[in-house]
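Okay, here's what each chain looks like letter by letter:
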Amino acid sequence: MGVIEAIRSRISTRAFLDKPVPEATVRAILGDARWAPSGGNLQPWKVHVVTGAARQAIIDAVKAKLESDPFGDENTFPVYPENLWDPYRARRYAVGEQMYDILAIPREDKAGRLGQVLKNLDFFDAPVGLFFTIDPKMNPNQWAHLGMFIYAVTLAAEGHGLATCMQEAWTRFTKTVGTALDLPGDEQVYCGMALGYADPDAPLNTMRTDRAEVDEIASFRGF
Ligand SMILES: Cc1cc2nc3c(=O)[nH]c(=O)nc-3n(C[C@H](O)[C@H](O)[C@H](O)COP(=O)(O)O)c2cc1C
């Protein structure tokens, strides 16, 4: 698979086949993704991969937390700025509506929509979950580079025939996940990722999101 094809074909996959992913495949994906660049080549990232009982232990810990506290952990960092403004607000709204339209869950069906959000915490049934961590002492600069690594993982997964969904849904549970993974103090969970084989028959996996045109996001000078 060429790089352009990988960029274009990657989507957030939210329904997976019940088919295990061998450790060797995940190792190969990470072996490719680790070539992501970072300022000063700091490689300010770590990743924890869970499957089987280890995956279930995380799910159980987070669900137990959710039962005792529906708001999850104390917020480590805000996922979005407060009172998000346009065009970002409109884009966020559009992607949500697109998803619930495919699933035929109307706005009034709050329980149905919440149920879909909660599927994040089962990794959308993907057999493998990943958690990306960074040293909390790092600057915003290094967080951006962590993002490059995460994106590289998604593209490498494409190349290996697998599908992914990045998951900031776990940020509400960074402490619970950190404890369940027994992480040291110099590792803070940023986000999760579902990894597995896409279910080709799931309507949700037909979803293709929109993007702003090049002229909306770029300016060209001196050409
Ligand atoms: C860092 C990050 C975290 C995300 N977290 C979630 C999430 O928790 N749940 C979810 O369903 N999608 C999540 N997404 C997927 C975005 O909604 C998706 O990337 C966006 O709508 C564009 O769609 P596409 O990935 O299919 O191109 C996340 C994406 C990124 C980059």
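For the structure given in this document, a descriptive report is provided here. This one's a predicted model, so the numbers in the text were calculated from it and none came from an experiment.

Over the atoms a probe the size of a water molecule is rolled, and this reveals where empty space is left. Here the second largest pocket is characterised by a volume of approximately 150 Å³. Taken together, Arg14, Ala15, Phe16, Leu103, Gln116, Lys119, Asp122, Phe124, Asp125, Ala202, Pro203 and Leu204 form the lining of the second largest pocket. Here the lining of the second largest pocket is composed, by residue class, of 7 nonpolar, 1 polar and 4 charged.

Take the sheet that holds strand E1 (residues 46-51) next. One open sheet holds the 4 strands; their spatial order is E1-E2-E4-E3, and the pairing between them is antiparallel. Edge positions in the sheet fall to E1 and strand E3 (163-167), since each has one partner strand and no second. When the angles between neighbouring strand axes are averaged without regard to direction, this sheet yields 25 degrees. On the sheet, helix H2 (residues 23-33) packs against E1, strand E2 (128-134) and strand E4 (188-196) and is oriented at approximately 165 degrees with respect to E1.

Let us look at the site of the ligand. Neighbouring the ligand are 15 residues; Ser12, Arg14, Glu168, Ala169 and Arg211 lie closest to it. A distance of 2.6 Å separates an oxygen atom of the ligand from a polar atom in the side chain of Arg14. In the environment of the ligand, an oxygen atom lies 3.0 Å from a nitrogen or oxygen atom belonging to the side chain of Thr209. Within the complex, 76% of the 610 Å² of free accessible area of the ligand lies under protein. When grouped by side-chain class, the residues that make up the shell around the ligand number 7 nonpolar, 4 polar and 4 charged.

The subject of this paragraph is H2. Here H2 has its buried residues at Thr25, Val26, Ile29, Leu30 and Ala33. An end-on view of H2 places all buried positions within 130 degrees of arc, on one side of the element. Exposed side chains of H2 directed beyond 90 degrees from the buried face belong to Glu23, Ala24 and Arg27. Buried positions along H2 lie against E1, E2, helix H6 (140-159) and E4.

Okay, the nonpolar core next. Ile29, Leu130, Phe132, Phe149, Val153, Leu162 and Leu195 are the most contacted members of the largest nonpolar core, which totals 23 residues. Those elements that provide at least two residues to this core are H2, E2, H6 and E4. Sort the elements by how many residues they give to this core and H6 lands first, with 7 residues. Setting aside residues up to four positions removed in sequence, Val153 forms contacts with Ile29, Leu30, Ala33, Leu130, Phe132 and Met193.

Turning next to the side chain of Asp199. Along the polypeptide, Asp199 turns up in the loop between E4 and helix H8 (214-217). Although Asp199 is buried, it makes no salt bridge; Lys119 carries the closest opposite charge, 10 Å away. Not counting chain neighbours up to four residues away, the residues in contact with Asp199 comprise Ala15, Phe16, Leu17 and Asn205.

Turning our attention to helix H3 (residues 52-68). With 17 residues, H3 should reach 24 Å at 1.5 Å per residue; the first-to-last C-alpha distance of 25 Å fits that figure. Among all positions in H3, only Arg55, Ile58, Ile59 and Val62 are buried. Burial along H3 is one-sided: seen end-on, the buried residues are contained in an arc of 95 degrees. When the buried face of H3 is taken as reference, the exposed residues oriented beyond 90 degrees from it are Ala53, Glu67 and Ser68.

A word on the pattern of salt bridges. Per the stated rule, a full pass over the model turns up 8 salt bridges. Its salt-bridge partner being Lys63, residue Asp122 comes within 2.8 Å of it at the nearest N-O pair. A residue pair is termed long-range when its members are at least 10 positions apart, and Asp122 in the loop between helix H5 (110-118) and E2 and Lys63 in helix H3 qualify at 59 residues. A relative accessible area of 32% means that Lys63 is categorised as partly exposed. Each of the salt bridges in this network shares a partner with another, and the network as a whole consists of Glu97, Arg107 and Arg113.

The rules we used
Residues numbered from 1 in each chain as written. Predicted model: local features only at pLDDT ≥ 70, side-chain atom pairs only at ≥ 80, totals over all residues. Heavy atoms only, no water. 1 Å grid on protein atoms, 1.4 Å probe; cavity = no way out; pocket = protein on both sides within 12 Å on 5 of 7 lines; lining within 4 Å. Points joined across faces, edges and corners; volume = space filled by probe spheres on them. Nonpolar A, V, L, I, M, F, W, Y, C, P; charged D, E, K, R; others polar. Pairing = 2+ DSSP bridges. Helix = DSSP H or I, 4+ residues; strand = E, 2+ residues; numbered from the N terminus. Axes fitted to C-alpha atoms, helices over the stretch in contact; angles between N-to-C directions. Contact = heavy atoms within 4.5 Å. Near = heavy atom within 4 Å. Polar contact = N/O pair within 3.5 Å; in protein donor to acceptor, adjacent residues only side chain to side chain. Areas by Shrake-Rupley, 256 points an atom, 1.4 Å probe, with all protein chains shown as cover. Buried < 20%, exposed > 50% of the residue type's maximum accessible area, 1.4 Å probe, protein only. Arc of directions from axis to C-beta. Core = buried A, V, L, I, M, F, W, Y, C linked by side-chain atoms within 4.5 Å. Lys, Arg positive; Asp, Glu negative; His and termini not counted. Salt bridge = Lys/Arg side-chain N within 4 Å of Asp/Glu carboxyl O. Expected span 1.5 Å × (residues − 1).

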